[in-house]
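As a plain string of letters, each chain reads:
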Amino acid sequence: KMYSDSLENTFTYIYDRSMLNGDVAKIIIPEGYKFLDRDQAQRVLSDIWGNPYDDSVMGLLLKEDESPVETSYAIEISYSEEGYIEDDDAQDMDYDDLLSEMQSDVKESNPERSKLGYGTVDLIGWATKPYYDQDNKKLYWAKELLFEDEETSTLNYNIRVLGRKGFMNLNVIGDMDTLEDVENNLDPILGSVSFNTGYKYSEFDPDFDDVAAYGIGGLIAGKILAKAGFFALILKFWKFIAIGGIALIAGVKKMFFGSKEQPVIEAHKDDSEVS
């Protein structure tokens, strides 16, 4: 408690609005939440939660009455400039078939996970089936994951806001019992992030702008450049690691990778990020 309180006093939260990735996009902080800018978010993710440094991170959204040490879930916001995502496949997408493909990819990735010293993982299914808002160019879906030696499932809630040159990522990771809370706040969360003029999806110029090598289906499956499997996505986007010796509640007390013991004095992890 003393550690949590002293740590909380070192942060300066934003409650109104903030720019993201320079002038590319902005966030209007939804009611009931608070925001940490890029530098402070990096401090939480790397120094406190022990994640590898990720320069794509733009900020961190937390519940207003929670802290980085005691939080039910947090929303990491980042930007991926991987090209314009063509959305022609969204209307005809069979998400049940896509799920089956992703589940097969997960099973195939487990031997490699074990080799690297991490527990296996099962993709149980959709916690929220993918939905694409054609008008506002926003996509969201949620997966239920079960890690080896864990009794409860992990929620991985994904939101993508499409733009001219790439997309904003809003990634929520917590226990499955946070799903209702996230769903109840989905509209304000979805509405909080938008691209600025010059970077909007509608401003795509085929003569100057690059097109991504995958569409909506590849974005959901995590098949970057249509080749990297689910394992690459897991490695790229794992986030929540407990500080050694401090028991954090709900989702933060779990590593997205699963369980792996660390010395009490250790507040980081040496494993390199794979993309």
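S.K.: Whenever I open this one, the side chain of Ser 56 confuses me. Can you help?
M.R.: Tracing the chain through its elements places Ser 56 in the loop between helix H2 (38-48) and strand S4 (57-63). Reaching out from Ser 56, the side chain makes a polar contact with the side chain of Asp 54 at a distance of 2.7 Å. Leave out the neighbours within four places in its chain, and Ser 56 touches Ile 77, Ser 78 and Tyr 79.

S.K.: Help me understand the pattern of salt bridges, please; the structure alone is not making it clear to me.
M.R.: A side chain with one charge can pair with a side chain of the opposite charge if their charged atoms come near. Taken as a whole and judged by the stated rule, the model has seven salt bridges. Across the pair Lys 129 and Asp 96 runs a salt bridge, and its minimum N-O distance is 3.4 Å. Linking Lys 129 in strand S6 (residues 121-133) with Asp 96 in helix H3 (residues 95-115), this pair joins segments that are 33 residues apart in sequence. Overall, the relative accessible area of 44% leaves Asp 96 in the partly exposed class. A salt bridge links Lys 115 to Glu 112, with the nearest nitrogen and oxygen atoms 3.5 Å apart. Within this pair, Lys 115 and its partner Glu 112 are both found in helix H3, separated by three residues, close to a single helical turn. Taking the relative accessible area as the measure of exposure, Lys 115 reaches 66% and is therefore exposed. Through salt bridges with shared partners, one network takes in Arg 164, Lys 165 and Asp 209.

S.K.: What is the right way to read H2 from this model?
M.R.: Every α-helical turn comprises 3.6 residues, leaving residues that sit three or four positions apart pointing alike. Those residues of H2 lying buried are Gln 40, Ala 41, Gln 42, Val 44, Leu 45, Ser 46 and Ile 48. The positive-phi residue at the C-terminal boundary of H2 is Gly 50, with phi of around 85°.

S.K.: Explain the pairing of strand S7 (residues 138-147) to me, please; I cannot follow it from the model alone.
M.R.: Consecutive side chains along a regular strand alternate between the two faces of the sheet. Most of S7 is tucked away, with eight of its 10 residues classed as buried. Bridge analysis of S6 against S7 gives nine bridges, and the strand direction is antiparallel. Its bridge partner lying in S7, Tyr 132 is registered against Leu 139. Joining the antiparallel neighbours S6 and S7 is a turn of four residues, in which Lys 137 adopts a positive phi near 55°. Bridge count between S7 and strand S8 (residues 154-162): eight bridges; the pairing is antiparallel.

S.K.: Whenever I open this one, the sheet that holds strand S2 (residues 25-28) confuses me. Can you help?
M.R.: In any sheet, the strands associate via hydrogen bonds between backbone groups, in a parallel or an antiparallel arrangement. Pairing is antiparallel across the open sheet formed by three strands, whose spatial order is S1-S2-S10. Two strands close off the open sheet at either side, each with one partner strand: strand S1 (17-20) and strand S10 (193-195). On average, each strand axis in the sheet is inclined to that of its neighbour by 25°, with strand direction left out of account. Two strands pair when backbone bridges link them, and S2 and S10 are joined in this way by three bridges, in the antiparallel orientation. In the sheet register, Lys 26 faces S10, and the bridge partner there is Ser 194.

S.K.: Would you explain the sheet that holds strand S5 (residues 74-80) in this entry?
M.R.: Read across the sheet, seven strands follow the order S3-S4-S5-S9-S8-S7-S6 without closing on themselves; strand pairing throughout is antiparallel. Of all strands in the sheet, those bounded by a partner on one side alone are strand S3 (33-36) and S6. Shown here is a sheet whose adjacent strand axes are inclined to one another by a mean of 20°, direction ignored. With seven bridges connecting them, S5 and strand S9 (residues 167-175) associate as antiparallel partners. Residue pairing across strands places Ala 74 opposite Ile 173, the latter belonging to S9. Contacts between H2 and the sheet are confined to S3, S4 and S5, with S4 contributing the most and set at about 75° to the helix. Against the sheet, H3 contacts S6 and S7, and its axis sits at roughly 145° relative to S6.

S.K.: Just to check I follow, could you spell out the nonpolar core for this structure?
M.R.: Counting 30 residues, the largest nonpolar core has Leu 20, Ile 75, Ile 77, Tyr 157, Met 168 and Leu 170 as its most contacted members. Per-element accounting of this core gives the leading share, four residues, to S8. With residues near it in sequence (within four places) discarded, Leu 170 still touches Ile 75, Glu 76, Ile 77, Tyr 157, Asn 158, Ile 159, Arg 160, Val 161, Ile 189, Ser 192 and Val 193. Of all hydrophobic cores here, the second largest spans 26 residues; its members include Tyr 84, Ile 85, Leu 162 and Phe 167.

Conventions used here
- Residues numbered from 1 in each chain as written.
- Predicted model: local features only at pLDDT ≥ 70, side-chain atom pairs only at ≥ 80, totals over all residues.
- Heavy atoms only, no water.
- Helix = DSSP H or I, 4+ residues; strand = E, 2+ residues; numbered from the N terminus.
- Polar contact = N/O pair within 3.5 Å; in protein donor to acceptor, adjacent residues only side chain to side chain.
- Contact = heavy atoms within 4.5 Å.
- Salt bridge = Lys/Arg side-chain N within 4 Å of Asp/Glu carboxyl O.
- Buried < 20%, exposed > 50% of the residue type's maximum accessible area, 1.4 Å probe, protein only.
- Pairing = 2+ DSSP bridges.
- Axes fitted to C-alpha atoms, helices over the stretch in contact; angles between N-to-C directions.
- Core = buried A, V, L, I, M, F, W, Y, C linked by side-chain atoms within 4.5 Å.

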